Amino acid sequence: ECSKKQKNDDTESTSVDALSSSDGFEEKNEFHTLANAKILLSDCLACDNCMTSEEGARVFQQNQKELFCILNLNKKCDTSKHKVLAVSICPQSLPYFAAKFSLSVNDAAKRLCGFLKSLGVHYVFDTTIAADFSILESQREFVQRYQRRNQEEHALPMFASACPGWIRYAERVLTNLVTSHICTAKSPQQIMGSLVKGYFARQQNLSPDKIYHVIVAPCYDKKLEALREDFYTALYNSQEVDCVLTSGEIVQIMEQKNVSMKDVTEVAVDSLFDEIKEGDVVRHDGKRSDGYLEHIFKHAAKELFGMDVKEITYKALKNKDFQEVTLEKDGETVLRFAAAYGFRNIQNMVLKLKKGKFLYHFVEVLACPGGCLNGKGQAQTEDGKPDKALLNQMEEVYAAIPVRLPEANIHVQKMYQDWLEGMDSKKVQETLHTKYSAVNQTAGNLDIKW
């Protein structure tokens with residue numbers, strides 16, 4: 001039984017020491033003072049009731065010390081054993097750095113890139129392109145599910161699959177009644193893993209296991225997502241994402257190195273394509289997330305009903321984190337979408353589904369109240385409480401970023417043809433999709449309460 005059923009979204013955080021899988025590596029080096037940084041394990045959904053002891057240990061291995069171990073080995077060991085370090089930054093992390101250090105989002109991206117490269121990182125990428133793929137595949141899947149809704153019992157509703165906290169809760173606590181409704185498109189994080197260890201590795205003539213891939217993300221649940229067995233390549237003994245560090249953990253590194261973002265040299269963010277550098281930061285529609293609801297809604301309105309929707313009107317229901325959007329044609333409601341953020345709204349949504357009183361065709365589900373910008377790995381005060389003032393600034397920064405439609409990314413369209421062998425290919429299914437199902441597993445009890 002999930003312990004979260006007795007908790008609300010304001011559960012206190014717990015501070016624990018970061019652990020490392022490299023306990024035997026104790027030699028002093030230029031990073032040794034950074035290895036004892038604290039991690040705030042806030043109220044994410046990965047509580048000890050749905051996490052095994054082994055998973056708990058592996059999650060705590062994803063910390064700054066692991067990164068520093070790789071950096072230090074690259075400085076000392078034989079070049080044949082060097083790892084190529086690639087860091088991919090989530091779009092919802094950049095507003096945190098911009099607001100915290102009073103920078104524009106473009107300056108924040110370049111200075112963050114400069115800081116990471118000063119540590120010894122080789123490549124710094126923006127994960128927006130991965131979100132492009134994830135949204136495009138989710139759009140296509142929704143249209144297909146809608147067209148099959150009368151033939152397949154579990155075709156609709158469709159739930160978004162981008163939030164690992166929601167996915168973990170659905171798989172470990174809910175039944176196949178729910179998991180069968182989850183979109184099969186991988187999250188942007190894991191598609192980025194496929195891009196870096198698949199496409200980029202091939203471009204650089206590198207074996208995937210020669211790349212150490214780090215994600216900078218807003219929340220801790222992303223660490224668990226990186227450990228999933230379906231995101232592991234046995235041939236190369238390699239995960240698509242080796243380590244996830246939260247935005248707050250990156251700031252901890254800066255603080256312990258006495259580095260200010262404003263003092264760091266600006267360096268343009270790398271691209272996956274040859275020697276091209278990224279331009280200005282762009283985002284997708286959506287106020288605090290990657291915008292699955294808005295993109296899928298507009299795409300479905302056009303594909304299914306021939307209607308061009310320019311602006312979406314949200315209607316807040318029980319609270320600001322549960323909102324709905326509808327499309328009417330000839331006096332009839334033909335599409336009904338919802339955004340459900342925070343565990344309380346998720347519980348209410350699932351209860352309605354089980355009672356057969358669910359009216360929605362698609363729901364954008366996010367574990368964090370307020371969405372991804374409010375991930376517990378950023379915008380927190382020292383006592384683990386939400387920093388509301390900083391969050392408001394982050395929302396303003398995020399809203400001001402120009403929107404680019406996934407369809408408008410020429411690199412994505414080219415990669416569908418050149419790398420993925422067409423939009424309807426078997427390789428698209430293997431590379432951009434996964435499968436979610438209920439997991440019947442009794443988790444080992446952990447002393448650490450998430």
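Residues numbered from 1 in each chain as written. Predicted model: local features only at pLDDT ≥ 70, side-chain atom pairs only at ≥ 80, totals over all residues. Heavy atoms only, no water.

- An unreviewed UniProt entry annotates the protein as Nuclear prelamin A recognition factor originating from Chunga burmeisteri.
- According to its UniProt record, the protein has this under Sequence similarities (unreviewed entry): "Belongs to the NARF family."
- Regarding the protein, the UniProt comment filed under Subunit (unreviewed entry) reads as follows: "Interacts with LMNA and binds to the farnesylated C-terminal domain." (UniProt positions renumbered as here; feature names shortened; annotations may be inferred.)

1. As for the sheet that holds strand β3 (residues 84–89)
And step 1. Read from one edge of the open sheet, four strands run β4-β3-β6-β9, paired in parallel fashion. For this open sheet the edge positions go to β4 (123–126) and β9 (243–246), each flanked by a neighbour on one side alone. Direction aside, neighbouring strands of the sheet carry axes that sit 25 degrees apart on average.
And step 2. Direction of pairing for β3 relative to β4: parallel, over a ladder of four bridges. In the sheet register, Ile-89 faces β4, and the bridge partner there is Asp-126.
And step 3. The strands touched by helix α10 (residues 247–256) are β6 (211–217) and β9; relative to β9, the strand with the most contacts, the crossing angle is about 75 degrees. (Pairing = 2+ DSSP bridges. Helix = DSSP H or I, 4+ residues; strand = E, 2+ residues; numbered from the N terminus. Axes fitted to C-alpha atoms, helices over the stretch in contact; angles between N-to-C directions. Contact = heavy atoms within 4.5 Å.)

2. With respect to the packing of aromatic side chains
And step 1. Per the stated rule, a full pass over the model turns up 18 aromatic pairs.
And step 2. Both rings, one in Tyr-146 and one in Phe-305, keep their centres 5.9 Å apart while their planes meet at 80 degrees; by these two values the pair is edge-to-face. With Tyr-146 in helix α5 (residues 128–147) and Phe-305 in helix α11 (residues 292–305), this pair connects stretches of sequence that are 159 residues apart. In this structure, Tyr-146 and Phe-305 share a single accessibility class: buried. (Phe/Tyr/Trp six-rings, centres within 6.5 Å; stacked < 30°, edge-to-face > 60°. Buried < 20%, exposed > 50% of the residue type's maximum accessible area, 1.4 Å probe, protein only.)

3. Quick look at the sheet that holds strand β10 (residues 315–316)
And step 1. With mixed pairing, five strands are arranged side by side in an open sheet as β5-β13-β12-β11-β10. Every interior strand has two partners, whereas the edge strands, β5 (158–159) and β10, have only one.
And step 2. Here strand β12 (residues 332–341) runs beside strand β13 (residues 362–366); their pairing, made up of five bridges, is parallel. The residue bridging Ala-339 from the neighbouring strand is Glu-364, located in β13.
And step 3. Against the sheet, α11 contacts β5, β11 (322–329), β12 and β13, and its axis sits at roughly 165 degrees relative to β12.

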